[in-house]
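# Geometric and topological summary
Here is how the chains run, residue by residue.
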Amino acid sequence: MSQKIKFKIFYENFLNNNFMFNDSYEPYVLDKPSYFPFLQIVKPTALPPIKNFNTIEGKKYLVHTILHIEYSAIDLALDAALRYKNMPIEYYKDWLEVADDEIRHFLMLEELLFELDGKYGDFAVHKNLFEAMEQTPEFLRRMAAVPRYLEANGLDQNPKIMEKLKSNRDAFNLKLLDVLAIILEEEVDHVKKGDTWFKYECERLNLEPESTYLQIIEEVFPGSTSRKMDLNFDARKLAGFSCNELKKLSKKEDCN
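What counts, and at which threshold
- Residues numbered from 1 in each chain as written.
- Predicted model: local features only at pLDDT ≥ 70, side-chain atom pairs only at ≥ 80, totals over all residues.
- Heavy atoms only, no water.
- Helix = DSSP H or I, 4+ residues; strand = E, 2+ residues; numbered from the N terminus.
- Expected span 1.5 Å × (residues − 1).
- Bend = angle between axes of the 7 residues up to and from the residue.
- Phe/Tyr/Trp six-rings, centres within 6.5 Å; stacked < 30°, edge-to-face > 60°.
- Buried < 20%, exposed > 50% of the residue type's maximum accessible area, 1.4 Å probe, protein only.

What follows covers helix H5 (residues 139-165). If you check H5, its first and last C-alpha atoms are 37 Å apart, about what 27 residues at 1.5 Å a residue would give, namely 39 Å. If you look at H5, its biggest bend is around 30°, right at Asp-156, and the proline Pro-159 turns up within four residues after that.

Evaluation of the coordinates by the stated rule reveals 22 aromatic pairs. For the pair Phe-21 and Tyr-92, a centre-to-centre distance of 5.0 Å together with 50° between the ring planes defines the contact as tilted. Of this pair, Phe-21 sits in the loop between helix H1 (3-15) and helix H2 (56-83) while Tyr-92 sits in helix H3 (residues 89-115), and the two are 71 residues apart along the sequence. Take Phe-21: its relative accessible area is 44%, and that puts it in the partly exposed class. By relative accessible area, which is 5% here, Tyr-92 ends up buried. Aromatic side chains Tyr-91 and Phe-139 sit 5.5 Å apart centroid to centroid with 70° between the ring planes, which places their arrangement in the edge-to-face category. Here Phe-139 lies in helix H5 and Tyr-91 lies in helix H3, a separation of 48 residues in the sequence. When sorted by exposure, Tyr-91 lands in the same class as Phe-139, which is buried.

In structure tokens:
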């Protein structure tokens, strides 16, 4: 039975309240990514940049790069649902819904890669997203670093890729644009979920959210608060970022 079918069965049971929590469960130790057995993992600097979207090989590499992000996002969502105990039931609903979305995104992109006679594993990948998961076993840091930083960065980059694809509206690029539009819309909701639970934990610990967020992302991603970020203001506002945060991250005087 494939992993996606196993998850579908489990998720249907969860939605039908056919489950129970194991309070004695101990989270597994993160030592290697789930894709370790079947992908070649290299340092990010060893990967070529995404340049030409108009050749078959360029399209393959672009789709494979996004596909790997979506695969990693499945792991991140499931880990968030599995690792943290004694949370409100809405928390588990949120992250299992995110996992379900990410699986659907992966399958849509994988189908496009098949159209190009490609498959997941044709190119080497990095493990940056896994390392972020590995470095943030604590709940507050996880919500800040993963949905509110890494996934939020995706809100900034997705429209840039879409704009480049629009320069050549061939049949394949149009299909990919449709998929990326779905991903962008749903990723706003994913970041919003992370925002909700980050602020939930800040309130529980009596912490000021904005300064706490900046402190955490600087610790996990050194230099992230000092560089000027090119942000998708509209998407980030929908996802819960304040105007003050956007100004600090973008180094701009306004957030319009």
